[in-house]
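Remarks on the overall topology
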Amino acid sequence: MYDFASGPLVWIAMITFVVGMAVRIVWMIRTIKQDPTVVPVMTVRHSLRSIFHWLLPFGSRSMRTRPFFSGLSYAFHLCLVLLPLLCMGHAVLWHQSWGIRWWSLPPVVADVMTAVVIIAGGFFFLRRIMSPEVRNVTTWWDYVVLLIALGPFITGFVAYHQWLDYRTIIILHMISGAVWLMAIPFTWLQHMFMFFFSRAFMGSEFGAVRNARDW
Amino acid sequence: MADLADMQVVDAGLEAAVASLTPDRIERVVTSVLSGAVAGRLKLYLQTCVHCGLCADACHTYVSRNRDPDFAPVAKVQDTLAVMLKKKGRVSAEFMKNAARIAFIECGGCRRCSMYCPFGIDIATMIMTVRRICSLLGMVPQYIQDTTNSHSATSNQMWVQADDWIDTLMWQEEDAQLEVNGLRIPLDKEGAEFLYSVIAPEPKVMAQLIANMAVVMTVAEVDWTMPSGDGWDNSNMAMFSGDLEIMGRIEREHWERALELRVGSVVMGECGHAYRGAVYDGPKWLGWQGPPLPMVHAVEFYYDLLREGRIEITDKLTEPVTIQDPCNIVRGRGLHDKLRYVVHALCDNVVEMDPRNEHNYCCAAGGGVINCGPPWKLARLKSIKIKAEQLKRTGAGLCITPCHNCHHGVEDVIGHYNIDMHTSFIIELIVKQMKMPAGA
């Protein structure tokens, strides 16, 4: 099981993720090109302006109106993206597999960042239950997707602290990581990439066409 | 849950459609619209939305209706378009009636929610797509459909007949001559610098606004004209009822009239949605890159006249006034700074609403909501309690509304919520407060 999870499963997950996302993006661009109101009005400047303001912490009024949520959400996303790339355990694997030397986070920092992801994820989970406007549009599938997103972090955290049986947990960690990657093209986790497209369009529509700000 | 009183409103337009629609027809129409040009964007939006609910607080309907989650923008999309896509158009006539109420009454397409969505999802476009489907199914509130029918038959929104139009202009010319000797409203003057474009409610019910503009044009010595024939009205209710074919026809006629007269540019009166139709929606539908001539909104026009010293304000208001930022010229054109320049030139004591500029709340009348008529008036006013609170907080006695929809919408809010305030167009203040030529 360990060999499968650390070998073929990684390849299956990677290929599904890359091909799935590539197909998604190519299909989206092709269909959007048929809409005469989108591509002709897009400008690089206004696209980047909008993306910049919405990636900047508290760069939009929307974020400033709810500082706690925005701060937590920002930390969650930052840690979630950085950890898989920069945690030391992964850096060792990069090196063992392909000989790539990679900068990595000190274990204590990575540990705290993982805790941030899990705590923030727990908050998002509870928010879906507690907030009427969110619960109203949340289906069971939204909870599943959130759990898929948190899976590798929970198992990674447990594995790092060597709670429970390490070998079982590390296999679960690899499986949940593979599920995480494979889920991206098929769930709303794709906002990881699609954010840039929808933002670029809205930024252009507001900036280039309507001479207004969208943040 | 949705408001039960609203769900029991009887609208003849919707009831007639419920009686006549078959599931097959609904499926055909829904599928044809959702597989059209807009398909790519809709799928991108619906697949990317994480249902976070951050758009809710941005919506005046949601915050005004005691934060009822069914009025959150995301819920409006989930209860209409998302179901249609999921069921591949196999939805009932009753479902479509409910969708029509959501799309025509509970959302005016003000686009404020798009500024609060982290992904910039264009929720208004999705709601307008629902309206398009409704229009093709004949599932449109009766009053707004009547304005569309009027556009179709008379080229204007309010059944103004061709002779009434010219008669009204002559009558307003006479009235304005009481203010300025020898004033004329030049009709069909070829090669004029500006064509002045109004919307049908002006000749129909607010004709003095035309006289006011004639006075300003004359005092500022502007080379201007107005069209005597069809194409004078570009208030485009078909744009909001979802009848895009008629919407395009109105805009084409409007621009063709301007081109025939070989004018330099078109000045649009104080109306937000007509401006939007002429500059954005019309050209897009017609496949044009943009409008064939520049269009200047009244706010920009007054700004230029004041900056260039062509009109001079001699008498400034001292009472506290506030400003309603209309969606279609502020969120839709970024005219908030010019609007403030003009208002500050006329008033000494401006108290701003909070929030303001692009973040201001809609008046809940725009986007065709007020045009859905008396059956829906109470629903509309329940959806705009937040505006009443905003207005009250300013303590101002006058609200300046450079848009017909805002003007009537805010007037209704003032009446319904019993606020000690009245509304005014900018032109009404300018004619009272500007320096008139000697001997006028």
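Since we're looking at a predicted model, the values are computed, not measured.

**Structural notes on the overall build of chain A**
Within chain A, the regular secondary structure consists of 11 helices and zero strands. The helix and strand sequence of chain A, counted from the amino end, reads α-α-α-α-α-α-α-α-α-α-α. By principal-axis analysis of the C-alpha atoms, chain A measures approximately 60 × 35 × 35 Å. With 215 residues in all, chain A has 34% of them scored as buried. Partitioning the intrachain contacts of chain A with sequence separation of at least 6 by distance along the chain shows that 67% fall at a separation of at least 24.

**Some remarks on the overall build of chain B**
The helix and strand tally for chain B stands at 22 helices and seven strands. Seen through its C-alpha atoms, chain B measures out along the principal axes to roughly 70 × 45 × 35 Å. Counting the 440 residues in chain B, one finds 57% classified as buried. Restricting to contacts in chain B with at least 6 residues of sequence separation, those with at least 24 account for 82%.

**Focus on helix α10 (residues 142–154) of chain B**
All names here are of chain B. In this model α10 runs 18 Å from its N-terminal to its C-terminal C-alpha over 13 residues, within 8% of the 18 Å that 1.5 Å per residue would give. All of the buried residues along α10 are Y143, I144, Q145, T147, T148 and H151. For α10, the elements touching its buried residues are α2 (12–20), α8 (93–105), α14 (238–241) and α15 (244–260). Looking one or two residues past α10, S155 carries a phi angle of roughly 75°, positive in sign.

**Quick word on the packing of helix α2 (residues 8–33) of chain A against helix α4 (residues 39–48) of chain B**
Where α2(A) meets α4(B), the axes come as close as 7 Å, and the angle between the chain directions of the two elements is 140°. In terms of orientation, α2(A) and α4(B) fall into the oblique class. Between α2(A) and α4(B), the contacting residues are M28(A), T31(A) and I32(A) on the first element and A39(B), G40(B), R41(B) and L44(B) on the second. Classifying every residue of the contact of α2(A) with α4(B) by side-chain character gives four nonpolar, two polar and one charged.

**Some points on the sheet that holds strand β1 (residues 194–197) of chain B**
Residue and element names in this part refer to chain B. An order of β2-β1-β3-β4 is seen for the four strands of this open sheet, with the pairing classed as parallel. Strands at the two margins of the open sheet, each flanked by one partner only, are β2 (224–225) and β4 (295–297). Bridge count for β1 against strand β3 (residues 265–268) is four bridges, and the pairing is parallel. Its bridge partner lying in β3, F194 is registered against S265.

**Points about the domain arrangement of chain B**
Here the domain parsing of chain B yields domain 1 (4–140), domain 2 (153–305) and domain 3 (309–433). Split into classes, the residues belonging to the side of domain 1 of chain B that touches domain 2 of chain B amount to two nonpolar, one polar and two charged.

**A look at unusual backbone geometry**
One can expect most non-glycine residues to show negative phi and most peptide bonds to be in trans. Residue and element names in this part refer to chain B. Cis geometry is found at the peptide bond from D354 to P355, where omega equals -5°. You can see P355 is positioned in the loop between α18 (336–346) and α19 (377–382). Of note, the phi angle at S155 is positive, near 75°, even though the residue is not glycine. Counting through the fold element by element, S155 comes out in the loop between α10 and α11 (162–177). Residue classification places S155 among the buried positions, given that 23 C-beta atoms sit within 10 Å.

**Let's talk about helix α20 (residues 385–394) of chain B**
Residues and elements named next belong to chain B. Within α20 the residues assigned to the buried category are K387, Q390, L391 and T394. Angular distribution of buried residues about the axis of α20 spans 95°; they occupy a single face of the element. Check the buried side of α20 and you find it contacts α5 (60–64), β5 (321–323), β6 (398–400) and α21 (404–416). G395, located one to two residues past α20, shows a positive phi value of around 70°.

**Overview of the sheet that holds β5(B)**
Residues and elements named next belong to chain B. With parallel pairing, three strands are arranged side by side in an open sheet as β5-β6-β7. Pairing within the sheet leaves two strands with one partner each, and these edge strands are β5 and β7 (422–424). Sheet twist, expressed as the average angle between the axes of neighbouring strands with direction ignored, equals 30°. Both β5 and β6 contribute to a ladder of three bridges, which runs parallel. Bridge pairing in β6 places I323 opposite I400.

**A word on the nonpolar core**
C55(B), C134(B), V216(B), Y302(B), V342(B) and I430(B) are the most contacted members of the largest nonpolar core, which has 195 residues in total. If you tally residues by element for this core, the top one is helix α10 (residues 166–183) of chain A, at 10 residues. Apart from the residues within four sequence positions on either side, V342(B) is in contact with V299(B), Y302(B), Y303(B), L306(B) and I426(B).

**Here's the deal with the confidence of the model for chain B**
For chain B, per-residue confidence averages 96 on the pLDDT scale, and residues scoring 70 or more make up 99% of the total. Under the prediction, the complex receives an ipTM of 0.94, its pTM being 0.95.

**Remarks on the interface of chain A and chain B**
On the side of chain B, 40 residues touch chain A, which itself brings 36 residues to the contact. Sorting the residues of the side of chain A that touches chain B by element identifies α2, α3 (44–55), α4 (61–64), α8 (132–135) and α11 (191–209) of chain A as the ones contributing at least two each. At nine residues, α11(A) tops the list of elements feeding residues into the side of chain A that touches chain B. Among the residues making up the side of chain A that touches chain B, the classes are represented as 15 nonpolar, 13 polar and eight charged.

**Points about the pairing of β3(B)**
Residues and elements named next belong to chain B. Pairing geometry for β3 and β4, over three bridges, is parallel. Counterpart to M268 in the pairing with β4 is H297. Of the crossover connections in this fold, the one passing from β3 over helix α16 (residues 272–286) to the parallel β4 is right-handed.

**Considerations on the environment of I102(B)**
Residues and elements named next belong to chain B. Positionally, I102 belongs in helix α8. Residue classification places I102 among the buried residues on the basis of 22 C-beta atoms within 10 Å. Ignoring sequence-local partners within four residues, the contact set of I102 consists of K76, D79, T80 and C107.

**Some points on the packing of helix α9 (residues 140–160) of chain A against α10(A)**
Residue and element names in this part refer to chain A. Contact geometry for α9 and α10: axes closest at 8 Å, N-to-C directions at 150°. Judged on the interaxial angle alone, α10 and α9 are roughly antiparallel. Viewed along their axes, α9 and α10 form a crossing whose handedness is left-handed. Here V145, I148, A149, G151, P152, T155, G156, V158 and A159 of α9 lie close against α10, whose contacting residues are Y166, I169, I170, L172, H173, S176, G177, V179, W180 and A183. Considered class by class, the residues forming the contact of α9 with α10 number 13 nonpolar, six polar and no charged.

The rules we used
- Residues numbered from 1 in each chain as written.
- Chains lettered and ligands numbered in written order.
- Predicted model: local features only at pLDDT ≥ 70, side-chain atom pairs only at ≥ 80, totals over all residues.
- Helix = DSSP H or I, 4+ residues; strand = E, 2+ residues; numbered from the N terminus.
- Buried ≥ 20, exposed ≤ 12 C-beta atoms within 10 Å, placed from the backbone.
- Contact = placed C-beta atoms within 7 Å.
- Expected span 1.5 Å × (residues − 1).
- Axes fitted to C-alpha atoms, helices over the stretch in contact; angles between N-to-C directions.
- Parallel < 35°, antiparallel > 145°, perpendicular 65-115°, else oblique.
- Nonpolar A, V, L, I, M, F, W, Y, C, P; charged D, E, K, R; others polar.
- Pairing = 2+ DSSP bridges.
- Domains from an automatic or database assignment.
- Arc of directions from axis to C-beta.
- Core = buried A, V, L, I, M, F, W, Y, C linked by C-beta atoms within 7 Å.
- pLDDT = per-residue confidence, 0-100.
- Right-handed = clockwise from strand over helix to strand, strands pointing away.
- Left-handed = near helix turned anticlockwise from the far one by under 90°.

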